[in-house]
Every structure is written in structure tokens, then in C-alpha cells.
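A closer look at the structure
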Amino acid sequence: MTVDLANLGARLRAAGLTEGALLAWAGTRRIPALEWRIPGLLAREPVPAAAALSLFVAGAVLEVDRIGTLPLDELIEADLLERRGDRVRSPVAVLPLTSALVVCDRHDRPDRDDLVRWPDDSSYHLASALGPGRRPRWLDLACGSGFAPLSRPELASEIRGHDLNERAVRYARLGAALSGCRHLTAEEADIGETHAPAALVTCNAPIPGDADAAIWRRADDGFFARMWPAAKACTAPDGEVVVHSVVSGVPRELPGEVVVVLYTPPDERGFSITWWRPSGPVRRVVAYRELTQARPHLEPRDRDDALAGHLTPADE
């Protein structure tokens, strides 16, 4: 039996692996808010209606007769379930995101070098900072599980993700297949490699300075020195680069139009979104926007507000 992953993903969503069901079950649809709720979710009596969420989000071990309408054999063949006797568990997390499914490591997997971790708030900042409109091509550097493209697949006709972590590439491909997102592909590549030009180039950069951290949250000393030139080389004429990073990782000498908006308070380590148009008019604006419950992540309008002088100027 060869599993049709797009069909399998549709069946998982039909069985309740959706954002709406997640909200009703866990009280939130935002993935970073789930991890601390998982002990309470696991303590509940499992019911078939929430079997998909229990298995693939909370990481529960369930008896086979508790999994309801989930296609057991297909999930086992796709390596999304493991069976031991009359019990099953998922070796990975499969998380609902808008109309897509994101595959990453379980929340309880040890913080090893090749960990493909759950999306965090930086993932949401990058995805929500991307302006609307259909581009011919989008290149996502250090793509991880493919969160940004899977959350915004409408932004390009062709989407290519690249990551140094082979597990991340494999999970990004699996997430794209389960989501039926045929225009998203992923390949293993270093951040400094160049690729065919794209109208949109993105990167959710790891954090520099922690050589012992897992690969998803560390940047070696040369990461940013390689990333920015590679991003410029991959950007089509009149294209845009959008990067989430520590503000200290944004060079002062970037050419063209650079708009940096910080969202962390002045007394905390500075994290920001940078909108960079290498072929744009020469100007640099650095500003701060306070996050609110109504607007918890940065958006394209923050770039416009920074350029218009409607945000508080900030130091880098």
C-alpha cells in the first residue's frame, strides 16, 4: 500500500486535527501557547472525537479502540503512528495551522542537535510580517518545519525551503504533502548558498552566541555574515527580504531600503523584523512597536508606519 499523503492529511483534518477543534479542546489555537497546557490535556479522559489532537498535539499514548475514525494502517505506513500491542503513539507532532498541517518533533523530545522544534512566537512574527500578493517565487532560508510557507502558501506560485538540518527538510516535505501544498518543496542547504532569484526571500534566524544550543536556536559566528549576502544574491530585481532576528544581527551597511521594527521592550534583548529592499531607495529606519493582545505579532503595516514616522524611533 502506498499512502496518498494529501488524502491522509485531509482525513486527519476531517477527524478533528484543525485549528477550530484545537481552540475548543485546548482553549487556544496558537501553537506556542500549547506546551504548558499539555499536562492538563493529557490528564483528561481520552475521547475518540479528540483522538487526533491527543495523539499528534499532546503526544498521548492511546488504546486502539480510542482512536475513532483515524485510518490506523495508513498512519502506521506513513510513520505517523507506532503500534505496540493494543496501544498507539505518534513519533512526531502534527500541528494544525490554518488549513495546513505542520510536522515537527514531539514537545517532549530531548533538545538534541537536530531537534525540529515546535513553532514559537518568532515563527508567527515572520509569517504575519509578509505582505499580501502573489509572487512568482518565494525562497525561505533556514525553513525549519516550513511553518511560514505552510501558514501563507498563497503568497507565491513556487515556494522553496532550505535548511541545514536534514530532519527539518524531511518534516517540511511531509508537512507540505499532508497539506496538499504541491508548490512547496524543501532541500538541504547551508544558509550561505545561493539559489535562483526570488521575489520574496525570508529567514527566521537562530540566535547567535550559544555554541552549545540545539541547531534550531543557535547561529555560528559566521551565520549572519553568510546569510545577508546570500539573501541579497537570491533576491530578484525589486524583490524583498524579510528576516526575523536579533537586532544585533542586522548589519548597518545594508544597501537600499531597510526598515527594522523591534517588538521587545528596551530593557530586554532586542528582537525584530527587518524588511529589506536591496534595490529600493537608500534609507534606513529603526523603530519600536509595542505588542498588544489585539496585535500580538508584527505586520506589514508596521513597516509602513515606521516609514511614515508613526512608530517610536529606536536604537539598534
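Refer to the preceding data block for the structure.
Residues numbered from 1 in each chain as written. Predicted model: local features only at pLDDT ≥ 70, side-chain atom pairs only at ≥ 80, totals over all residues. Heavy atoms only, no water.

Side note on the sheet that holds strand β3 (residues 87-89)
Short version of the rule: Here, any two strands with at least 2 DSSP bridges between them count as paired. Numbering of helices and strands runs from the N terminus, with a helix taken as a DSSP run of H or I at least four residues long and a strand as a DSSP run of E at least two residues long.
Spatial strand order, β1-β3-β2: three strands in an open sheet with antiparallel pairing. The strands lining the two open edges of the sheet, one partner per strand, are β1 (62-63) and β2 (82-84).

A word on unusual backbone geometry
With a phi close to 45°, Thr-98 is a non-glycine residue in the positive phi region. Within the secondary structure, Thr-98 sits in the loop between β4 (92-97) and β5 (100-105).

Concerning the nonpolar core
Counted only if it meets this: Among buried residues, the Ala, Val, Leu, Ile, Met, Phe, Trp, Tyr and Cys ones that are joined through side-chain atoms within 4.5 Å form a nonpolar core. Partly exposed residues are those whose accessible area sits between 20% and 50% of the maximum for their type, while under 20% is buried and over 50% is exposed, using a 1.4 Å probe and protein chains only. Any two residues whose heavy atoms approach within 4.5 Å at even a single point are treated as in contact.
Grouped together as the largest cluster of nonpolar side chains are 98 residues, with contacts concentrated most on Phe-56 and Leu-80. At seven residues, helix α4 (residues 51-58) tops the list of elements feeding residues into this core. Leave out the neighbours within four places in its chain, and Leu-80 touches Leu-8, Phe-56, Leu-75, Arg-89, Ser-90, Pro-91, Val-92, Val-94, Leu-174 and Leu-178.

A word on the layout of surface pockets
Operational definition: In this analysis, the protein atoms alone were mapped onto a 1 Å grid. Cavities are point sets where a 1.4 Å probe fits without being able to get out; pockets are open sets with protein on both sides within 12 Å along at least five of seven lines; lining residues have an atom within 4 Å of a point. Grid points are joined across faces, edges and corners, and a volume is the space filled by probe spheres set on the points. Just so you know the grouping, Ala, Val, Leu, Ile, Met, Phe, Trp, Tyr, Cys and Pro go in nonpolar, Asp, Glu, Lys and Arg go in charged, and all remaining residues, Gly too, go in polar.
Estimated volume of the second largest pocket: approximately 230 Å³. As for the second largest pocket, its lining consists of 13 residues, of which Glu-19, Leu-97, Tyr-124, Phe-147 and His-297 are closest to the centre. At the level of secondary structure, the elements contributing two or more residues to the lining of the second largest pocket comprise α6 (121-128) and α7 (147-151). Residues that form the lining of the second largest pocket fall into these classes: five nonpolar, four polar and four charged.

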